[in-house]
Amino acid sequence: MQHIPLILPTLVVLAVVWAEWRHTRWVAWVALVASFVLLVGVLRYPTLSAQEVTEFAATHFALALVVARTIGAACFLWYVVRTIRTVGVPW
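One structure accompanies this document, and this report is about it. Computed from a prediction, not measured in an experiment: that's the story for all the values here.

A word on the packing of aromatic side chains
For any two aromatic rings, the description comes down to two numbers: the centre-to-centre distance and the angle of the planes.
Phase 1: One pass over the full model with this rule turns up two aromatic pairs.
Phase 2: Both rings, one in W21 and one in W29, keep their centres 5.3 Å apart while their planes meet at 55 degrees; by these two values the pair is tilted.
Phase 3: Using a relative accessible area of 47% as the deciding quantity, one classes W29 as partly exposed.
Phase 4: For the pair W26 and W78, a centre-to-centre distance of 5.3 Å together with 65 degrees between the ring planes defines the contact as edge-to-face. Of this pair, W26 sits in helix α2 (residues 25–44) while W78 sits in helix α4 (residues 59–87), and the two are 52 residues apart along the sequence.
Phase 5: Overall, W78 belongs to the partly exposed group, its relative accessible area being 38%.

Side note on α4
Phase 1: In this model α4 runs 42 Å from its N-terminal to its C-terminal C-alpha over 29 residues, within 8% of the 42 Å that 1.5 Å per residue would give.
Phase 2: Buried within α4 we find A62, L65, A68, G72, C75 and R82.
Phase 3: Residues of α4 that are buried in the fold lie against α1 (7–20), α2 and α3 (50–56).
Phase 4: Two residues or fewer past α4, G88 is found with a positive phi of approximately 90 degrees.

Rules used in this analysis
Residues numbered from 1 in each chain as written. Predicted model: local features only at pLDDT ≥ 70, side-chain atom pairs only at ≥ 80, totals over all residues. Heavy atoms only, no water. Phe/Tyr/Trp six-rings, centres within 6.5 Å; stacked < 30°, edge-to-face > 60°. Buried < 20%, exposed > 50% of the residue type's maximum accessible area, 1.4 Å probe, protein only. Helix = DSSP H or I, 4+ residues; strand = E, 2+ residues; numbered from the N terminus. Expected span 1.5 Å × (residues − 1). Contact = heavy atoms within 4.5 Å.

As C-alpha cells, this is what we get:
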C-alpha cells in the first residue's frame with residue numbers, strides 16, 4: 001500500500017467529476033481542478049507514487065499536489081455522503 005501510483009487517485013477524482021456533474025456542479029468543478037493538478041503530476045512523474053513525487057518535485061508543485069490530493073479526497077467524501085443521503089440507508 002505504500003507505493004500507489006499517482007494515476008489511481010487521479011482516476012478516482014475524475015470519477016467524482018463524472019458522478020457529480022449533474023447533481024452538485026461546484027463540487028464537480030473543484031474536483032476537476034484537483035484532478036488537473038494530479039494529472040500534471042502523473043504526466044510529469046508517471047511511475048512514482050504521490051509520496052515519492054513530493055520528495056523529488058519542486059517545493060511549489062509538491063505543495064500544489066498535497067492540496068489537490070486533500071481537495072480530491074474531500075470531494076470523494078462529499079460524493080459518498082451525498083449518495084448515501086439520497087439513496088437512503090435501509091437500517
